[in-house]
Structure formats: structure tokens, C-alpha cells
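The residues making up each chain are set out below.
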Amino acid sequence: MAVVTDSQIKAIPGWFFRSDWSIFRFALEESSRQVGKGDLLELGAYLGKSAVLIGGDVGQGETFTVLDLFGAQADTPANAAENEDQYPSLTRSRFEENYLKVHDALPSVIQAPSSQVLDHVSSGSHRFVHVDASHLYEHVVGDVRASRELSAPQGIVAFDDYRTFHAVGVSAAVWEATRDGLNPVAVTEMKMYATWGDPDPWVDALARWLPWSGLAFEEERIAENAVFRVWRKPGAVIRGLMELQKRRMS
Ligand SMILES: C[S@@+](CC[C@H](N)C(=O)[O-])C[C@H]1O[C@@H](n2cnc3c(N)ncnc32)[C@H](O)[C@@H]1O
């Protein structure tokens, strides 16, 4: 395990924001508590901004796999167009250079479409999965299914852009999975955190951690299930504490 600082994350370009840095740190640590030893996986790494943080939490006997096309041929013309438009100058070596500025060794790097992830990593062993590859519905549906297959019981999965205007396919794919046993436990402006296992231990752990996290939060209910909305807003922590008090008294 290695401490990865905010300035190391900040130095790498990408789409990974501060409230999620905090929740990743929490979720990585908590997943070790709930799962024990387990593997880590990122689908879609770009230049390594989120990967370097995940890479700091890899323990003895655990494997961290990073899978990305890194500019290689996509499965579909739509995915190829998406990548040309969004990541035209991405190369695997640019990712690797960034990663090695923070860590002594690379993770297991797979240059392939995420549709092939099940061929490369072990099923049922992952305590933490970050789904952030293609943002097109057909691809995300596959990535969501893979996250189910790959997660250890009580593993946590972070889904990027689950509610963004430019990525409605991600929203559709992620929310429809809630009918198949995916349990959201927290959302930020950019990411949903969910488990294919029992949500209660995650909700309880969040309820203990959030008041001390420095983040603002509110507890929502989706059907009968608690889901925390979490955001960065100095001063709003008090509101979250009041919510927690209400929760304890009910
Ligand atoms: C939004 S970026 C990842 C951002 C990164 N996680 C961060 O925090 O900065 C999406 C990445 O997914 C990769 N990608 C796009 N389609 C993919 C696919 N079908 N399979 C694997 N990787 C894909 C792109 O090459 C790009 O690096």
C-alpha cells in the first residue's frame, strides 16, 4: 500500500474530481474490511488520474488490473468515433509514464476492449471495480454485467457519468441494472457507488464515515433503500450531521 497525495492526482489530466477522491479512499479501505483480500479493476483509465489512486491500495496478494483501448481498434464504429473525438492523443505509454511517476511498478495493464475483460481477470474476486470506459449504452450494459460477474460478495463498484446529459446511455444501463440486483449506496455529481451484495453494511459504513469526511451529504430513499447524496460544499456538513441525527432517532 502507498499513500497517494492529492497533488499527485491533480498533476494528471482527466475526469476525476475531489469528492470522488475522498469516496474512493473510503471505499477502497472499507472494501478491504468487508471483503478481505480482493482484486481491483478499472475499465477505462485514460491518463491514469483515477488509476494512480486505486493503485495505492493494492495489498499483498491482490491484483490491480487496468483495462483500456489506449487508442487501439474499438469493437464498433460508434465507440471508435467516441474515442477519436474524446481521447485523440491517448497512448498506452502516456498512461504508463504517469503511473510510474506515482508508483514503483505498473498494474496489470490490458490493452483491449472492455467486452473482453472476462477473459483477462478472475470472476468473483474483485473488492473494487471502477467502470469508466465507453459511455455508449451497448458497451456500458456489458461493463455493468461484467462488474456483477467479477465482484466479490460485498465488493463495491463505481460507475462514472451515471447521470450526465452527454452520456444518457450510461444512465440507462446503470439504472436498469438496479432491477437485476445492483444496489446503489451513494451518488456524487459524477459517480454512483453500488454493490451487487447486501447494501446495508455499506450504508452503515457510509453513515459512520460521512460526518467526518468533510463532505456534505443527505440521505435519500429509493424505494425502501437508503442512498447517500454526497457533494463538496463548505458549510453544508452541518446539514448532513442533522440528517444523521434524524436517522439515528427514527
Ligand atoms: C473517461 S476516460 C477514463 C477516465 C479516467 N478513469 C480518469 O479518471 O481520468 C474513458 C477511457 O475509456 C477508454 N475506452 C473507451 N471505450 C473503451 C472500450 N470499449 N473498452 C476499453 N476502454 C475503452 C478510452 O480509451 C478512455 O481512456
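Refer to the structure printed above.
Residues numbered from 1 in each chain as written. Predicted model: local features only at pLDDT ≥ 70, side-chain atom pairs only at ≥ 80, totals over all residues. Heavy atoms only, no water.

Our focus in this paragraph is the environment of Phe24. Within the fold, Phe24 resides in helix α2 (residues 18-35). Taking the C-alpha atoms as reference points, Phe24 and Pro88, separated by 64 residues in sequence, lie 27 Å from one another. In this view, Phe24 contacts Phe16, Ser50, Leu53, Ile54, Phe128, His130, Ala158, Lys191 and Tyr193; residues no more than four positions away in its chain are not counted. (Helix = DSSP H or I, 4+ residues; strand = E, 2+ residues; numbered from the N terminus. Contact = heavy atoms within 4.5 Å.)

Attention now moves to the packing of aromatic side chains. Tallied over the entire structure, the rule returns 12 aromatic pairs. Measuring from centroid to centroid gives 6.1 Å for Phe24 and Tyr193, while their planes differ by 90°, and the two rings are edge-to-face. Of this pair, Phe24 sits in helix α2 while Tyr193 is found in strand β7 (residues 191-195), placing the two residues 169 residues apart along the sequence. Comparing Phe24 with Tyr193 shows no difference in burial state: the two are buried. Pairing Phe70 with Phe95 gives two aromatic rings, centres 5.3 Å apart and planes at 40°, and the pair type is tilted. Taken together, the residues Phe70 in the loop between β2 (64-68) and α4 (77-86) and Phe95 in helix α5 (residues 92-102) connect sequence positions 25 residues apart. For Phe95, a relative accessible area of 0% translates into the label buried. Among the aromatic side chains, those forming a connected cluster through ring pairs are Phe16, Phe24, Phe128 and Tyr193. (Phe/Tyr/Trp six-rings, centres within 6.5 Å; stacked < 30°, edge-to-face > 60°. Buried < 20%, exposed > 50% of the residue type's maximum accessible area, 1.4 Å probe, protein only.)

Next up on the list: the sheet that holds strand β5 (residues 151-160). With mixed pairing, 9 strands are arranged side by side in an open sheet as β3-β2-β1-β4-β5-β7-β6-β9-β8. Every interior strand has two partners, whereas the edge strands, β3 (108-111) and β8 (216-222), have only one. Along the sheet, successive strands turn relative to each other by an average axial angle of 20°, direction set aside. Examined bridge by bridge, strand β1 (residues 39-43) and strand β4 (residues 126-131) share 5 bridges and lie parallel to one another. Each bridged residue has a counterpart across the sheet, and for Glu42 the counterpart in β4 is His130. Contacting β1, β4, β5, β7 and β9 (225-231), α2 crosses the sheet at an angle of about 155° to β4. (Pairing = 2+ DSSP bridges. Axes fitted to C-alpha atoms, helices over the stretch in contact; angles between N-to-C directions.)

With respect to spatial proximity, 23 residues lie near the ligand, and among them Ser50, Asp68, Asn79, Ser114 and Asp132 are the closest. Ser114 is positioned with one of its backbone polar atoms (N or O) 2.9 Å from a nitrogen atom of the ligand. Calculation on the ligand without its partners gives an accessible area of 600 Å², and the protein chains cover 98% of this total. If you list the elements that add at least two residues to the shell around the ligand, you get α3 (49-55), β2 and α4. (Near = heavy atom within 4 Å. Polar contact = N/O pair within 3.5 Å; in protein donor to acceptor, adjacent residues only side chain to side chain. Areas by Shrake-Rupley, 256 points an atom, 1.4 Å probe, with all protein chains shown as cover.)

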